[in-house]
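Structure at a glance
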Amino acid sequence: MSERVFQEEESNEEDMETQGIEVRIPLLEEQEEMVPDRITFVLVLSAFFAVCGSYVFGNAVSYSSPAESGIMDELGLSLAEYSVFGSILTIGGLLGALCSGKIADLIGRRGAMWVTDVSGIIGWCAIFLSESAWSLDLGRLLLGFGVGLASYVVPVYVAEVTPKNLRGGFVSLCMLVIACGMSMTYIIGSVLNWRILACLGTIPCLLQLVGLFLVPESPRWLAKIGREKDMKAALQRLRGKNADISKETSEIEGYIETFQQVSEHRIFYIFQRKYAKALTVGLGLMVFQQLGGLNAYGMYMSSILERAGASSTAGSITTAIVKLAANVLAVFLMDKFGRRPLLLVSASGACLAGFLIGLSFLLQDYHQSTDVVSTLTFIGIVVFTGFFSLGLGGIPWIIMAEIFPINAKGSAGSLVSMVNWFGSWLVAYTFNYFFEWSSAGVFFVFSGICCSAVLFIAKMVPETKGRTLEEIEASMTS
């Protein structure tokens, strides 16, 4: 508790003593129990089971890279068929993202996460049992639907169950766990068969499916649908049985009342001229995030390394470690240096990485040393992984949540998510074709797009660190 709070309490106690009222000062242990903004076991458990969905996200996105050679050899898939398999995840993700808000509002945050688990388990089982391309694609599509739904509901649930002074750190865990899921898939996939890897993918789904029965529903969702008694019970579990939740309960009820008074506008509302800058920034960052080559590096890293003559196993393990370290670093740097500097550094590094890989394949076309080509490609992929994870990987989603007005967040979020998933599908589906056409050219294009991102960020993207949402909105609409 702050010094100001102690001074106010001492003043109140003196007033009560002058009126002849006995004052009992709680013991230190009791004071700590009454503080609601602390980490409790139920809060940690709730966040843990929720971010299992983030792990599934990372696992699903990166699965196609270590599984590529095994699936193509065993099932005899053509390049076109495997491109469909790799990219159809994003079609499912697009469908899941579009209906995520409605599902989460209709059946609750836990209910929505249960839907993602069932979809994920069926999807992984279909892939595990596949003997042909159509069952592979069906499983991947179902998996994508669950991932698209989880990409919305998991951070929303985590944000709604955590106290406001802990919210930033807990929500940032989502991006960190996605990186963990991708890293572990690269490492495990380098030594295990693709069917076993798919079977292992069901574990976090099952863990979340069972674990959500042990944790409370979001108090804010319960308040939103009028279940005030259940809301207070859920909040008390999350904050501790002796915590004073009266202030937070009032804040939640006040927010819900205010939100209900503000009409939620349809998607066309965001196309007003005063929101042009916010829309440009939100959509622009998502376009650069995807067209900069994210899915090409993530989904087809093994084939890129093998084409250059480098070890896909060593590359997968190295990038897994670098990705994890960069995401941990980003959590600590984001609120210290700001969003904009990290984005500029991230886009610059991604630009350099694309240039290095493009240069390596250009040298390969001129029959230069295989060692030089493999080394440059290896360095380029590691550089891209580290720099992209530092900023462009997660910060666009944070900025998107900060720049749009409250009465248009839902429609704006749906539009931005749709553009992001479409860009994801476009790169995932077309990369193999462009890679076959010109190994060097496709990476020079990625490098040029990332260079354009640097200019866009420098010119258009505002710094949002240390500013209230109202200040940000005012600056974006002025």
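Residues numbered from 1 in each chain as written. Predicted model: local features only at pLDDT ≥ 70, side-chain atom pairs only at ≥ 80, totals over all residues. Heavy atoms only, no water.

1. Digging into the overall build of the protein
Definition in use: Helix and strand definitions follow DSSP, with helices as H or I runs of at least four residues and strands as E runs of at least two, each counted in order from the N terminus. Per-residue accessibility, obtained with a 1.4 Å probe over protein chains only, is compared with the maximum for each type, and a residue is labelled buried under 20%, exposed over 50%, and partly exposed between these values. Note on contacts: a residue pair qualifies if any of its non-hydrogen atoms lie within 4.5 Å across the two residues. Only the protein chains shown count as cover for residues, and all accessible areas are computed by the Shrake-Rupley method using a 1.4 Å probe.
Helices and strands together make up the secondary structure of the protein, namely 21 helices and 0 strands. Residues classed as buried in the protein amount to 51% of the 478 residues present. Taking as baseline every contact in the protein between residues at least 6 positions apart, the subset at least 24 positions apart corresponds to 82%. By element, 65% of the accessible surface of the protein is carried by carbon and sulfur atoms, the whole surface being about 21,500 Å².

2. Thoughts on the packing of helix H3 (residues 41-75) against helix H10 (residues 228-239)
Stated precisely, the cut-off is as follows: As a rule, the C-alpha atoms of each element are fitted with a line to give its axis, helices using only the stretch in contact, and angles between N-to-C directions run from 0 to 180 degrees. To sort the angles, those under 35 degrees are grouped as roughly parallel, those over 145 as roughly antiparallel, those from 65 to 115 as roughly perpendicular, and the leftovers as oblique. In this count, Pro and Cys sit with the nonpolar residues alongside Ala, Val, Leu, Ile, Met, Phe, Trp and Tyr, while Asp, Glu, Lys and Arg are called charged and the others, Gly among them, polar.
At a minimum axis separation of 5 Å, H3 and H10 run at an interaxial angle of 100 degrees. By the angle class used here, H3 and H10 are roughly perpendicular. The residues of H10 that touch H3, namely those facing Val42, Leu43 and Ser46, are Arg237, Leu238 and Arg239. The class makeup of the residues in the contact of H3 with H10 is 3 nonpolar, 1 polar and 2 charged.

3. Points about the state of the cysteines
The condition that has to hold: In this description, the term disulfide denotes a pair of cysteine sulfurs within 2.5 Å.
The final tally for this structure, using the stated rule, is 0 disulfides. No disulfide involves cysteine 205; its sulfur sits 9.1 Å from that of cysteine 52, the nearest cysteine. Cysteine cysteine 451 shares no disulfide, and the gap to the nearest cysteine sulfur, in cysteine 351, comes to 4.6 Å. Accessibility expressed as a relative area gives 38% for cysteine 451, which makes it partly exposed.

4. Digging into the side chain of threonine 40
Formally: Each polar contact in these results corresponds to two N or O atoms within 3.5 Å; when the atoms are within protein, one needs to be able to donate a hydrogen and the other to accept it, and residues that are neighboring in sequence are counted only if both atoms are side-chain atoms.
With respect to the helices and strands, threonine 40 occurs in the loop between helix H2 (28-34) and H3. Judged by its relative accessible area of 9%, threonine 40 is buried. A polar side-chain atom of threonine 40 sits 2.5 Å from the main-chain carbonyl oxygen of leucine 238. The contact partners of threonine 40, leaving out residues within four places of it in the chain, are Arg237, Leu238, Arg239 and Gly240.

5. A look at the nonpolar core
The cut-off we apply is this: Only buried Ala, Val, Leu, Ile, Met, Phe, Trp, Tyr and Cys residues count toward a nonpolar core, and they belong to the same one when joined by side-chain atoms within 4.5 Å.
Tyr63, Ile71, Trp124, Ile127, Phe431 and Phe443 are the most contacted members of the largest nonpolar core, which has 84 residues in total. Not counting the four nearest positions on each side in its chain, isoleucine 71 is found in contact with Tyr63, Gly76, Leu77, Tyr82, Phe85, Leu136 and Trp194.

6. Thoughts on the packing of H3 against helix H4 (residues 79-128)
Between H3 and H4, whose axes approach to 9 Å, the crossing angle comes to 170 degrees. Classified by the angle between their axes, H3 and H4 sit roughly antiparallel to one another. Facing H3, whose interface residues are Ala50, Val56, Asn59, Ala60, Val61, Tyr63, Ser64, Ala67, Glu68, Ile71 and Met72, H4 presents Leu79, Tyr82, Phe85, Gly86, Leu89, Met113, Trp124 and Ile127. A class-by-class count of the residues in the contact of H3 with H4 yields 15 nonpolar, 3 polar and 1 charged.

7. Examining the pattern of salt bridges
Operational definition: By definition here, a salt bridge exists when the distance from a side-chain nitrogen of Lys or Arg to a carboxyl oxygen of Asp or Glu is within 4 Å.
Counted according to the given criterion, the structure contains 9 salt bridges. Put simply, lysine 224 and aspartate 105 hold a salt bridge, and the shortest N to O gap is 3.5 Å. Within this pair, whereas lysine 224 is found in helix H9 (residues 219-224), its partner aspartate 105 is found in helix H4, the two being separated by 119 residues in sequence. A residue is classified by how much of its surface remains accessible, and aspartate 105, at 32% relative accessible area, is partly exposed. The shortest N-O distance in the salt bridge between glutamate 131 and arginine 195 comes to 3.5 Å. A residue pair is termed long-range when its members are at least 10 positions apart, and glutamate 131 in the loop between H4 and helix H5 (133-161) and arginine 195 in helix H7 (residues 194-200) qualify at 64 residues. Here glutamate 131 falls in the exposed class, since its relative accessible area comes to 61%. A single salt-bridge network, built from bridges that share partners, covers Asp105, Arg109, Glu160 and Lys224.

8. Some words on a nonpolar patch on the surface
Note the following rule: Surface patches are drawn from residues lacking salt bridges whose relative accessible area is over 30%; two like charges belong together within 9 Å, two nonpolar side chains (Val, Leu, Ile, Met, Phe, Trp, Tyr) within 5 Å.
Residues Val191, Leu192, Ile196, Leu200 and Ile203 make up a contiguous nonpolar surface patch of about 420 Å² in total accessible area. A relative accessible area of 33% means that leucine 200 is categorised as partly exposed.

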